[in-house]
Amino acid sequence: MLIGTFDTGAHYSYLVRRHGPGLALSTLRRSVGRPGLALELLRTRLLRYLRGILRSLGYAAGGKQDAAVRDGERVGFLAYVAVDHGLRGRGVGGRLFETYEELARKAGLDRLELVTLPDERGAAPFFESMGWERKGEITSRSGERYAFFSRDLSRDLGGEKEVS
């Protein structure tokens, strides 16, 4: 299974419209009577979610895209990849990545990005074996650390972007 987006702004706008109210109510219900959880949610997520809602509303109204275009490049984000333990080592993950990258090229993207845990819990060796370049580490607003990877799609075409 591979989950990714070619247009981050449209993706988040959809998630907020489709699932935002239900997730917000579920979160509130679970934090009632659990002050530690409520405080942690307020500390780590409130501003992030409010900014996301505002960006999403702006995107839906035709405003600026949320990180889909950065430094003049169209950028997609690979959010999750998983291969059943019994199928690992058989090239399934590689085929998923190849298909995703080809679809990203056809969608006009210049680069793809992803993050993984920075230690042995993450999949850095797999991503490196697939030709992804480790760009360093990033820290999320909640303080979580991630290894940051990028893949230049134009470089895979001999340095020239595919022309339709």
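Here is a short report on the structure shown in this document. (Residues numbered from 1 in each chain as written. Predicted model: local features only at pLDDT ≥ 70, side-chain atom pairs only at ≥ 80, totals over all residues. Heavy atoms only, no water.)

A few points about the pattern of salt bridges
Here the idea is simple: oppositely charged side chains can pair when their charged atoms come close.
Item 1. Evaluation of the coordinates by the stated rule reveals eight salt bridges.
Item 2. Salt-bridge contacts for E73 lead to R111; the nearest nitrogen and oxygen are separated by 2.7 Å. In this pair, E73 is assigned in strand β3 (residues 73-81) and R111 in strand β4 (residues 111-116), connecting sequence segments 38 residues apart.
Item 3. Exposure remark for E73: the relative accessible area of 23% places this residue in the partly exposed category.
Item 4. For R111, a relative accessible area of 13% corresponds to the buried category.
Item 5. Ionic pairing is found between E101 and R151, a salt bridge with its closest N-O pair at 3.3 Å. With E101 in helix α4 (residues 92-106) and R151 in strand β6 (residues 145-152), this pair connects stretches of sequence that are 50 residues apart.
Item 6. If you follow the salt bridges from partner to partner, you end up with E73, R111 and E113 in one network. (Salt bridge = Lys/Arg side-chain N within 4 Å of Asp/Glu carboxyl O. Helix = DSSP H or I, 4+ residues; strand = E, 2+ residues; numbered from the N terminus. Buried < 20%, exposed > 50% of the residue type's maximum accessible area, 1.4 Å probe, protein only.)

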